[in-house]
Amino acid sequence: MTDPRLYPCFLGPYGENDGLLEKLTVEFLRDHVYWRRNFHPEDPPAIPTHAAQQPQFMAFEARLRRELHTLSAALKRSVPFHSPRYLGHMVSDLALPGLAAQMLTLPYNPNNVSEDAAPVTIDLEIRVGLQLARLFGYDDDPAHAGCAFGHLTSGGTVANYQALRLALALKAFPVALRAAAPPGFAVPADDWSAFNLAPRAGIALLERWTAWVAALAPGARRAWEKRVQDERLEQLGLVAFFARHPDLSPPVVLAPVTAHYSWSKGMKLLGLGREQLLEVPERGMRLDPRALDAMLEDLRERRRPVLLAVAVLGTTEFGTIDPVHEVVASRDRAAHAGLGFSVHVDAAWGGYLATIFRAADGALRPLDAVRADFATFPSESTHAAMAALPRCDSITVDPHKMGYLPYGAGAFVARDQRAMALLVEDADYVFAGDGADDDYFTRFRKLGRFILEGSKSGAAAAAVYVTHRVMPLDHENFGRLPGETIRSAGAFLARAERFASDVAALATVRIPFAPDSNIVCLALNPAGNADVARMNAFMRALYDELRCDPDKAVQAREFYGSMTTLRPDALGAADTRRVFAELGLDAATLSGEDADADRLVILRHTLMNPFLDDAENGISYIDLYFDYLERRVRALLPAPAAGTASRAA
Ligand SMILES: Cc1ncc(COP(=O)(O)O)c(C=O)c1O
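Residues numbered from 1 in each chain as written. Predicted model: local features only at pLDDT ≥ 70, side-chain atom pairs only at ≥ 80, totals over all residues. Heavy atoms only, no water.

A. Summary view of the packing of helix α8 (residues 218-231) against helix α9 (residues 233-244). Contact geometry for α8 and α9: axes closest at 7 Å, N-to-C directions at 55 degrees. With respect to their mutual orientation, α8 and α9 come out oblique. The segment α8 lies against α9, with Gln229, Asp230 and Glu231 engaging Leu233, Gln235, Leu236, Phe241 and Arg244. Its residues placed into classes, the contact of α8 with α9 shows 3 nonpolar, 2 polar and 3 charged. (Axes fitted to C-alpha atoms, helices over the stretch in contact; angles between N-to-C directions. Helix = DSSP H or I, 4+ residues; strand = E, 2+ residues; numbered from the N terminus. Parallel < 35°, antiparallel > 145°, perpendicular 65-115°, else oblique. Contact = heavy atoms within 4.5 Å. Nonpolar A, V, L, I, M, F, W, Y, C, P; charged D, E, K, R; others polar.)

B. Up close: helix α11 (residues 289-301). Counted at 1.5 Å a residue, the expected span for α11 with its 13 residues is 18 Å, and the 18 Å between its end C-alpha atoms agrees. Within the span of α11, buried status applies to Pro289, Ala291, Leu292, Met295, Leu296 and Leu299. Buried residues of α11 fall within an arc of 155 degrees about the axis and therefore sit on the same side. Counted as exposed and oriented over 90 degrees from the buried face of α11: Arg290 and Glu301. Looking one or two residues beyond α11, the residue adopting positive phi is Arg303, at roughly 50 degrees. (Expected span 1.5 Å × (residues − 1). Buried < 20%, exposed > 50% of the residue type's maximum accessible area, 1.4 Å probe, protein only. Arc of directions from axis to C-beta.)

C. How the structure looks around the site of the ligand. If you check the shell around the ligand, you find 13 residues, and the closest are Thr157, Thr316, Asp346, His400 and Lys401. Contacts to the ligand include His400, whose side-chain N or O atom sits 2.8 Å from an oxygen atom. Protein contact buries 85% of the 390 Å² of open area that the ligand shows by itself. For the shell around the ligand, the residue count by class is 2 nonpolar, 8 polar and 3 charged. (Near = heavy atom within 4 Å. Polar contact = N/O pair within 3.5 Å; in protein donor to acceptor, adjacent residues only side chain to side chain. Areas by Shrake-Rupley, 256 points an atom, 1.4 Å probe, with all protein chains shown as cover.)

D. Examining the sheet that holds strand β2 (residues 252-256) more closely. Read across the open sheet, the 7 strands follow the order β1-β9-β8-β7-β6-β2-β3; overall the sheet is mixed. Because the sheet does not close on itself, it has two edges, and the strands there are β1 (149-153) and β3 (277-280). Each neighbouring strand pair of the sheet contributes to a mean axis angle of 20 degrees, computed without reference to strand direction. In the sheet, β1 pairs with strand β9 (residues 410-414) via 5 bridges, with the strands oriented antiparallel. Counterpart to Gly150 in the pairing with β9 is Val413. Where α11 meets the sheet, it contacts β2, β3 and β6 (306-312), and its direction lies at approximately 145 degrees from that of β3. (Pairing = 2+ DSSP bridges.)

E. Broad picture of the pairing of β1. Counting buried positions along β1 yields 5 of 5 residues, so the element is predominantly enclosed. Here β1 shows no split at all, with Phe149, His151 and Thr153 on one side and Gly150 and Leu152 on the other all buried.

F. Expanded view of the nonpolar core. Of all hydrophobic cores here, the largest spans 130 residues; its most connected members are Leu132, Phe136, Leu164, Leu307, Leu313, Val324 and Met420. Looking at this core element by element, the count peaks at 14 residues for helix α5 (residues 156-180). Beyond its immediate sequence surroundings of up to four residues, Leu164 is in contact with Val253, Trp263, Gly266, Met267, Leu270, Leu307 and Leu308. (Core = buried A, V, L, I, M, F, W, Y, C linked by side-chain atoms within 4.5 Å.)

G. Molecular detail of the packing of aromatic side chains. Inspection of the entire model under this criterion finds 28 aromatic pairs. Considering the side-chain rings of Phe149 and Tyr440, the 6.4 Å spacing of their centres and the 70 degrees angle between planes classify their relative orientation as edge-to-face. Placement of Phe149 in strand β1 and of Tyr440 in helix α16 (residues 440-444) is noted, with a sequence separation of 291 residues between them. Here Phe149 matches Tyr440 in class, with each residue buried. Where Phe185 meets Trp212, the ring centres are 6.0 Å apart and the plane angle is 70 degrees; that geometry is what we call edge-to-face. Of this pair, Phe185 sits in the loop between α5 and α6 (191-195) while Trp212 sits in helix α7 (residues 199-214); the two residues are 27 residues apart in sequence, bridging distant segments of the chain. A relative accessible area of 29% places Trp212 in the partly exposed class. Taken together, the aromatic side chains of Phe492, Phe499, Phe559, Tyr625, Phe626 and Tyr628 make up a single cluster linked through ring pairs. Positioned above the aromatic ring of Phe559 is the side chain of Arg85, whose terminal nitrogen or guanidinium carbon lies 5.1 Å from the ring centre. (Phe/Tyr/Trp six-rings, centres within 6.5 Å; stacked < 30°, edge-to-face > 60°. Lys NZ or Arg CZ within 6 Å of the ring centre and 35° of its normal.)

Right under this line is the structure:
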């Protein structure tokens, strides 16, 4: 049953809270108009009061209305994300506080590139960074030198790219410093050790250098800064930098096979190339820490530097959670052995699950306390992964995913704000002063210096900030929302078992990977079938009625789902064997030549909607979904003739 405390949080599947949203929209639109009028009340209306009666005005309004009606009608073919019948991708209804705050802010049109263009919302964005830092257990006190820093991005893709950029800047800076530093300023002994400092040691070196130049007279200071700047990778480019340092080679990034494709994009954009993105094998769709250690050992022996190891907190396709604690332990061991690199957690999907683990006072909740609220969640490894977040160098989290906020709101959080200085880009017309002596807020109000984007939405920042204020990021508040989705996943798994036995005579049903969170995949194979292509054709037929079809009215669909595939090369031999055996498939029918038989098609369900268990009306949408699926299976697969042996699930 949905926690009643979530009732006011959304417009609702039926638009139940329309009155509240309408009141807020009108109230704050009027408020905005008063603000316009009060700027200089002595200025008369520039658009004459009679303008609306003029023919061209009326013609314009008519055109506007026609286009808006056309748009509004077309939008009725949108995917009904708000509905508990939508079990597809990582999106659901919008949190009402965020939607209202975004609409309220839009007419002010703040541009969070700098305080000049967004005196209010830029602070909100910096505070969102601190709210998220606290959620992950980072230092969130701006008075501390090592306080974290976070900012919003257009999405998880750009946040992941920011992680690559920052890690590369931090890795290469000590090499530049070694090349340019004055005699007497202690630097690492050689290029290899400079390129392999642990991130914390890199930041300490940067801080020592910053203090050293700050003590110089302005002219000397600028000269030394320029000498170092001229040696930096960002100045020289990859080719010239590595030509100057023949002991070094371009570093690799280690990411699990489950990693999102944004990592591949990032490697291309950075100029390192996809070749340098190495896949770490999985076990149960979770990064295999032993395989990671073996790869690190091999790289160290071959003197191949490592830029970043990525752990995924909530994989895109399976909702599994990598052992972040093992990855940071590997990082620390490798640094000790002379191979330094950063660890980034891609929590674009699962970051807000951390709210379940955070007490109102900011402390991490013990495993037993978290478990008391759920049947089987969380696993020990999931709890340990959450506990290890403060030890990671940076984190991606997407408010526009499990934060239930409008698109255009990803976030990047760096553990230590001091490293951000390495990303600075100057543009005198936007950012006055060099910012060296600024306090935390003054420095980051020149946000555009540090981030990939230039102009960016202040309304998005307002939406995230207000949501986090109304629903603080702890288990008593926001955490109720992901908590509900975890319970839905439990109910889905239990119902899937019943479904498997109900259709056993027709199909073998399996959950290929037990999820750690709220994404559940289902594989169905027609009973007695051993052929991969036939199973895939059956799965595609099921999916065909679950996908968004732009040519069909949305009402034509009973439910929406999504699909993904299991690729044997990503699964690895052991998991491939297990999944094939469980489904009764013959591995010999896999064919690398045939696009329909080189992988397994499976259904994917994201259980994000908080109203899946509508106890008020006695409806479980999970039950309804499995009833629907059973009807589809029976329609697609004729019942076996009496006396024919069937394969039980
Ligand atoms: C784990 C993960 N990382 C990154 C991304 C990319 O996020 P976006 O689509 O917001 O750019 C996604 C999107 O699904 C994701 O699941």
